[in-house]
Every structure is written in C-alpha cells, then in structure tokens.
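# Tertiary structure, described
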Amino acid sequence: MAITEDAPPGADLDRPAPPRSRLSSPRVLVLVLLLAVLAQSPIRGLLGAPAMQSWMTVFVAVTVQALPFLVLGVLLSAAIAVFVPASFFARALPRRPALAVPVAGVAGAVLPGCECASVPVAGALVRRGVTPAAALAFLLSAPAINPVVLTATAVAFPGHPEMVLARFAASLLVACAMGWLWQRRGRTDWLRPPAHGAHEGAGKGEAFWDAVRHDVMHAGGFLVLGATAAATLKAAVPADWLRTAAGTPVVSVLALAVLAVLLSICSEADAFVAASLTQFSPTAKLVFLVVGPMIDLKLFAMQAGTFGRAFALRFAPATFALAVTGAVLTGTVLL
Amino acid sequence: MNRQAQAAVLFLLGAALLHAGATDLYLRYVKAGLRPFLLASGAVLIAAAVATAWYERRRAGRPRPGHAHPEPRVSWLLLLPLLALILIAPPALGSYSALRTGTALQKPYAYGPLPAGDPVPLSVVDYASRAAYGHGRSLHGRPVRVTGFLALDRAGRPYLVRMALNCCAADAQPVKIALTGELPPVLRPDAWLEVTGTYSPRLTRDPVNNGPVPYLRVTATRPVPAPRDPYDETWNT
C-alpha cells in the first residue's frame, strides 16, 4: 500500500492530469477487497484460535461501538465549521482566555456521547478561531461530565451519589487546569495547522459533506489504530495482576490509571467496569473514571491525528499526570 | 486514497453498519440499545459516500480550488473492521475470555420475587447472586432452570457462564456458576446448555479475582441454540 496519493506533490492544477500511476487508490482498493474475498477461508483458518477470535471480537466491538459517536461528532464538527460563523464563538466565549477556559469546560456538559465525538468537535472549534486553551478544556471535560455519562455513573454506583459528584468535580477541575496550563505553557507551533483545505468556491452543502468525508476517513483511521492497540492489550494483560496491585494504595491508584489508558473503554461504559473492580478503594476507582475519558490509547491516536504528533506527545503525559493528581485530591475530599 | 476510493470505503462501511444493525449481528459486539445509532450512522456514511461521488463528478474537469491534499495513509486502516465485520464476523465472546476474566458477581440490593414456573427460570446472574449472597434462602428449595454457555477450566471443572455487557464486548464480564451432579459425558466448551438443578451450599472462589462462584447441583441438561442476544444486558436497565 505504498502508492496512495492522488497526484505527485508538484503537479500543476491547470495542466491536464499527468498520466496516472498504474496503482491508483481505487485499483488498490479493488485489489485488496478481491484478495480478501478470495483468501477468505485461509484467513478464517488462521484466525480460528480462541485468542485470535476474542481479539477480533473486541476489536470489532470497540470500532462498531465508537463509530456512531464518531459520526455524531463529525456531523457536529462539520456543522460548526460550515454553518456557525466564527463571530459566534467570539461573542459566546469571554474574551479573556483565563475565563474562556472554565466556560468551555462547563459547555462540555452539552455534548452527549463519549470521547470519540469530542475530538473532531474540539478540532473544529480550534479551526473556528476558539482559543486552543478553551477548546482543549472542552475536549477533556465533554466526555466525562455530560448527562449521559453521569447518569451511567449513578446507575453503576447505586447509593453512592458522591461518586457522581466527585467524577464531575474532578473532571471539570482537571479540564480547566489543563486549559490554563496550555494557556501559560503551550506553544501554537505544537499544534498542527488546520488540515482542512479552504472551502472557497464551494457551496455550503459541498463544504459540509467534504468536511464529513475528511473527518470520518481521518479520525476513523486513527480510531481503528486505537481499537487495535486496546484489543491487543486486553488480550495480553493478565487479569490477576490487578489483584496483587489492589493491596497498596499508591500502587492501586497507579494501576487503575494505567488500566484506564490501556483498556480505552467508552466513557459511557467505564463506570460499570470501575464498579466491578471491587478490590480497589473508591479513590482508585475515581482515578479510573477521570483518567479514562481524558487520555487512553484510542484517544491518543485520534488526538495525534487531529492536532499532530508533536502536540499529542506533550499533551498526553501532562493530562495523565494532572488527571491522576486531580482525581486523588478530589477523592480525598469527597469520598 | 483519492476521493473515488474514499467514497467506496465510506459506502462499504455504511453498508456494513446497516447490515450489522438490520440483522442480529450487532448483538455479538454491542448492547441492543445502540441499534438506532448504528442504523443512523450507517445511513449518514452512505449519504457522505453518495455526496462525495456526486460532487466529484460535478467537479470533473474543473480544477479544485485551493490545493488537493490527499488523505493520510491511516485511512486505509478502515478496511480492517470492514473486512472483519463482513467476511469473518467473529463470534461473541466465549469461554476463552470468560476464564481469563474474574467473575463480575456483585451483592444485590434486594432479591425480587421468584418468577413463576417449575423449575423456576432464572438467569445465570440471578441464580449466582441468590446462591452466593443469600445462601439460596430466596430459592425456597425449588428447582431452577438456568441457560448459559459451558467453560472448562484447566483442571476440566465445568462452569456455566453468561457474559454481562454494559456497552460493548470490550467491557463484557463473565458471571460463573460451577456445575456438579448429573452432567453429560462429553462437555464441549462454548456449547449453550439449559441446566436444571437445585441449590448447593458449596461455594468456590474465582482464581482470577477471588470473586464468589456458587455451585449448582445439576439434575438434567439440554443443549440449546445460542440465544439471540448472547450477552446478559440486565445491568443496563
């Protein structure tokens, strides 16, 4: 799959199209699909082992579960990019970034869904001129503090409303802290310049569908990458090391933080998994609930795709450290 | 990938989601409640494919405004779930995952009234929690009928398992009942069984997470086809 570009970089647009290389991408696509159909039974045979089968089931499950939310986020982000004028955000958000951060963080509560939806929306906000610090606060808070996720948390921890409160407070706190940190320390050259081509000369409908196509192909590819990693780690990490880790407080907090990153569970479902980790302290469970929606393998791949690798490599460790700290602090006060 | 190829991938992906949502295939991977979302997103993807192809046709011959930037190679990865879903359609999680994961049984807040019937039809989760936490008192000594799939641990001990699911198969967790008594001579892992039996006070611990695994004294078994929804989704409600 080496030759996938449309045209060589230097090709002039007004010149008649250069003679196509023989392996244009539609042909590669047809070839791949044909080969896959023809080699169907040997492939099935290869994947027949139980370990491979459960790997595949988890891989398909993560992808299928996340795609509807990705599509929702992509539709929203395309609508923001095409139909909402940039002046709207200038009026809606406070001019001072230090104030825009908490406002954007709280605004995260209106995006129902999980983290797959928030990445493309945050990308569209940045392209729409929203200060990155505020867009990042939105990116981090939206998957954790929306009503769908908080309701799921309340259902998973019946009789413990303080868990819902702690999750809300810790997630908002960490999201705002990351926004402010970005505002003080972040550099715009870490962010990849907006990848969308300008839409001049195109109607709104065309621009909308072009944005949808681009984001699905782009973020979808990274989603698949993340799903691959998550399925592999779920198959490879032995489950009984958790039992050993639950014994000491510091280790148990770190263990659940790392587990949240590795498992990459959708934020609508992670509360149920946290509730089932009965050996762990409530604070450790809170860490799991705060870290997971902010940074995991799937999200890291998608952030690297949307904002660039230089950004993701700096943003992810800082988010992880702040999320663990914020969750432990909140847990000490509230739980 | 150029735009025609992208339109084709979007179309196939949308069609695969529609296919999974229209049949019971999706129940192997995600919770039943996601169905409308799957169908809607499949329709959106197909619309995006049609729109892409249509605008590309209209644009044919005219230069594209701005620069045409090709999509990154990572888009090709979208073919993987597509092929996995259409060609292979991996089965729902079974005994392999069940034995690697600890039982997810948790103490219930109350026991509902027993359903009518003799033997009493109970889910794996319902029997396990009544047996493990209520010492079987809420069963009133009545025989029960439970359906699940078989899993055999390394020593060959049989368990009746149902995977409980909250959102998708990545978060599925097993609830296990250990079987004793009259078992069929040949036990095949992953085979679905309807087991009739009575409460046994014996209790063992799951080697993975030390969770409780109650026993069931089996009096009769009957092989049954896999249910429409292989997962127990009662925790969703």
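What counts as what
Residues numbered from 1 in each chain as written. Chains lettered and ligands numbered in written order. Predicted model: local features only at pLDDT ≥ 70, side-chain atom pairs only at ≥ 80, totals over all residues. UniProt positions renumbered as here; feature names shortened; annotations may be inferred. Helix = DSSP H or I, 4+ residues; strand = E, 2+ residues; numbered from the N terminus. Domains from an automatic or database assignment. Contact = placed C-beta atoms within 7 Å. Nonpolar A, V, L, I, M, F, W, Y, C, P; charged D, E, K, R; others polar. Buried ≥ 20, exposed ≤ 12 C-beta atoms within 10 Å, placed from the backbone. Core = buried A, V, L, I, M, F, W, Y, C linked by C-beta atoms within 7 Å.

Identification of chain B as Membrane protein from Streptomyces capoamus is taken from an unreviewed UniProt entry.

Per an unreviewed UniProt entry, the recorded name for chain A is Permease, and the organism is Streptomyces capoamus. In its Sequence similarities (unreviewed entry) section, the UniProt record describing chain A reads: "Belongs to the UPF0718 family." The record in UniProt for chain A states the following under Subcellular location (unreviewed entry): "Cell membrane".

Turning next to the UniProt feature "domain: DUF1980" (unreviewed entry) in chain B. Under the UniProt annotation, "domain: DUF1980" (unreviewed entry) lies at residues 139-231 of chain B. From the first C-alpha to the last, residues 139-231 of chain B spans 24 Å; its make-up is 0% helix and 55% strand.

Residue and element names in this part refer to chain B. For chain B, the assigned domains are domain 1 (3-88) and domain 2 (95-236). Of note, the centres of domain 1 and domain 2, computed from C-alpha atoms alone, are 40 Å apart. Between domain 1 and domain 2, the residue contacts involve 8 residues of the former and 9 residues of the latter. Residues belonging to the side of domain 1 that touches domain 2 are distributed by class as follows: 4 nonpolar, 1 polar and 3 charged.

Turning to the interface of chain A and chain B, a few remarks are in order. The partner chain B presents 72 residues to the 69 residues of chain A that form the contact. Those elements that place two or more of their residues in the side of chain A that touches chain B are α1 (25-38), α2 (40-46), α3 (50-83), α10 (204-236) and α13 (270-276) of chain A. At 18 residues, α3 of chain A tops the list of elements feeding residues into the side of chain A that touches chain B. Split by residue class, the side of chain A that touches chain B holds 39 nonpolar, 19 polar and 11 charged.

Moving on: the environment of Ala-164 of chain B. Residues and elements named next belong to chain B. Tracing the sequence through the fold places Ala-164 in strand β3 (residues 158-164). Take Ala-164: there are 25 C-beta atoms within 10 Å of it, and that puts it in the buried class. Spatially, the C-alpha atom of Ala-164 lies 26 Å from that of Val-186, the residues being 22 residues apart in sequence.

Before going further, it helps to spend a moment on helix α5 (residues 124-133) of chain B. All names here are of chain B. Counting buried positions along α5 yields 9 of 10 residues, so the element is predominantly enclosed. Those residues of α5 that fall on the buried side of the exposure criterion are Val-124, Val-125, Asp-126, Tyr-127, Ala-128, Ser-129, Arg-130, Ala-131 and Ala-132. In this structure, the buried residues of α5 make contact with β1 (120-122), β2 (144-152), β3, β4 (173-181), β5 (192-205) and β6 (212-223). Two residues or fewer past α5, His-135 is found with a positive phi of approximately 50°.

Generally speaking, nonpolar side chains in soluble globular proteins are found buried as a group. Formed by 189 residues in total, the largest nonpolar core has its most connected members in Ala-137, Val-174, Leu-256, Val-287, Val-290 and Val-291 of chain A. Counting residues per element, this core draws most heavily on α3 of chain A, at 20 residues. Both of domain 1 (3-88) and domain 2 (95-236) of chain B provide at least three residues apiece to this core. When residues no more than four places from it in sequence are discounted, the contact partners of Val-291 of chain A are Ala-257, Ala-260, Val-261, Phe-320, Ala-323, Val-324 and Ala-327 of chain A.

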